[in-house]
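# Examining the three-dimensional arrangement
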Amino acid sequence: SLMLTVHLLLWAYGMACMDSLFSPLIYFLTTLIFMGMRELSMALSNPFGDDDVDFCTSIWLATCYNDAVFLLEHSFDVEYDMW
């Protein structure tokens, strides 16, 4: 958070030194993007937790287990003439 704040303050100073009318708009858009990226990284920092945006690993593990059991218990008819 401190690094983002320092970065945005330096960017604001750099934009204030320019003689362009688009500088406030560009600064606003970049600040919006950087803050959005920060919120996204905070939401995805622990993808295996219990939040609403986290992955549902219990369903993934159950599906993987059921597929493995099916593959191990199913008898396949292999024809060697096809090779």
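See above for the structure.
Reference entry: report on the structure contained in this document. Note that this is a predicted model, so its numbers are computed, not measured.

The rules behind these values
- Each chain has its residues counted from 1, running along the sequence as written.
- Totals for whole chains, interfaces and linings use every residue, but because this is a predicted model, local features are given only for residues with pLDDT of at least 70 and side-chain atom pairs only at 80 or more, for both listing and counting.
- The basis for every side-chain value is the complete set of non-hydrogen atoms in the structure, without hydrogens or water.
- Comment: elements are numbered from the N terminus, with helices defined as DSSP H or I runs of at least four residues and strands as E runs of at least two.
- The size measure is the radius of gyration over C-alpha atoms, and the globule rule it meets is 2.2 Å times the number of residues to the 0.38 power.
- Each residue gets one of three labels from its accessible area relative to the maximum for its type: buried under 20%, exposed over 50%, partly exposed in between, using a 1.4 Å probe on protein chains only.
- The accessible surface values rely on the Shrake-Rupley method and a 1.4 Å probe; as for residues, cover is taken only from the protein chains in view.
- Here a residue-residue contact requires only that any non-hydrogen atoms of the pair lie within 4.5 Å.
- Patch membership needs two things, relative accessible area over 30% and no salt bridge, and members are linked within 9 Å if like-charged or within 5 Å if nonpolar (Val, Leu, Ile, Met, Phe, Trp, Tyr).
- Here, a salt bridge means any side-chain nitrogen of Lys or Arg that lies within 4 Å of a carboxyl oxygen of Asp or Glu.

## Observations regarding the overall build of the chain
Across its full length, the chain holds three helices and zero strands. Written out in order from the N terminus, the α and β elements of the chain read α-α-α. Taking 2.2 N^0.38 as the reference for a compact globule, 83 residues should give roughly 12 Å; the C-alpha atoms of the chain span a radius of gyration of 26 Å, well beyond that estimate. Seen through its principal axes, the chain has C-alpha atoms that stretch 75 × 35 × 20 Å. A burial count over the chain gives 8% of its 83 residues as buried. Total accessible area on the chain stands at roughly 7700 Å², and carbon and sulfur atoms take up 69% of it.

## Looking at the environment of W11
With respect to the helices and strands, the residue W11 is situated in helix α1 (residues 2-16). With 31 residues separating them in the primary sequence, W11 and M42 have C-alpha atoms 22 Å apart. When neighbours within four sequence positions are excluded, W11 is seen to be in contact with Y27, T30 and F34.

## Looking at a nonpolar patch on the surface
A surface patch of nonpolar side chains, amounting to about 620 Å² of accessible area, comprises F22, L25, I26, F28, L29 and L32. The residue L29 is located in helix α2 (residues 23-43) in this model. You can call L29 partly exposed: its relative accessible area is 42%.

This is a description of form; function is not addressed.
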